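# Structural overview
What follows is each chain in one-letter form.
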Amino acid sequence: MTKFTKGKVKIHPQEGVEMEGNLSPYLRFCIGTAILLFAASPFLLALSYFLNN
């Protein structure tokens, strides 16, 4: 049986979204990957700009 952990998400632009739930390891991996790619996207775009010129 997989181990579920309790997850809590708060996104605050003027008291926005708030969620709680049980997350499977696969779902935690997907959320972490999405956050990592979103945070790294400006650097990847800048890198592709300099490599294409």
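Small disclaimer: the values here were computed from a predicted structure and weren't measured.

## Quick word on the environment of leucine 47
- Tracing the backbone through its elements, the reader meets leucine 47 in helix H1 (residues 25-52).
- By relative accessible area, which is 48% here, leucine 47 ends up partly exposed.
- Measuring from C-alpha to C-alpha, the distance between leucine 47 and isoleucine 11 comes to 29 Å, with 36 residues separating the pair along the chain.

## Some words on the environment of glycine 21
- Tracing the backbone through its elements, the reader meets glycine 21 in strand E2 (residues 18-23).
- Since its relative accessible area comes to 27%, glycine 21 is described here as partly exposed.
- Taking the C-alpha atoms as reference points, glycine 21 and asparagine 53, 32 residues apart in sequence, are found 46 Å from one another.

## Things to note about the packing of aromatic side chains
- Summed over all chains, the structure comprises one aromatic pair.
- Ring geometry for tyrosine 49 versus phenylalanine 50: centroids 5.4 Å apart, planes at 75 degrees, classification edge-to-face.
- Residue classification places phenylalanine 50 among the exposed residues on the basis of a relative accessible area of 61%.

The rules we used
Residues numbered from 1 in each chain as written. Predicted model: local features only at pLDDT ≥ 70, side-chain atom pairs only at ≥ 80, totals over all residues. Heavy atoms only, no water. Helix = DSSP H or I, 4+ residues; strand = E, 2+ residues; numbered from the N terminus. Buried < 20%, exposed > 50% of the residue type's maximum accessible area, 1.4 Å probe, protein only. Phe/Tyr/Trp six-rings, centres within 6.5 Å; stacked < 30°, edge-to-face > 60°.

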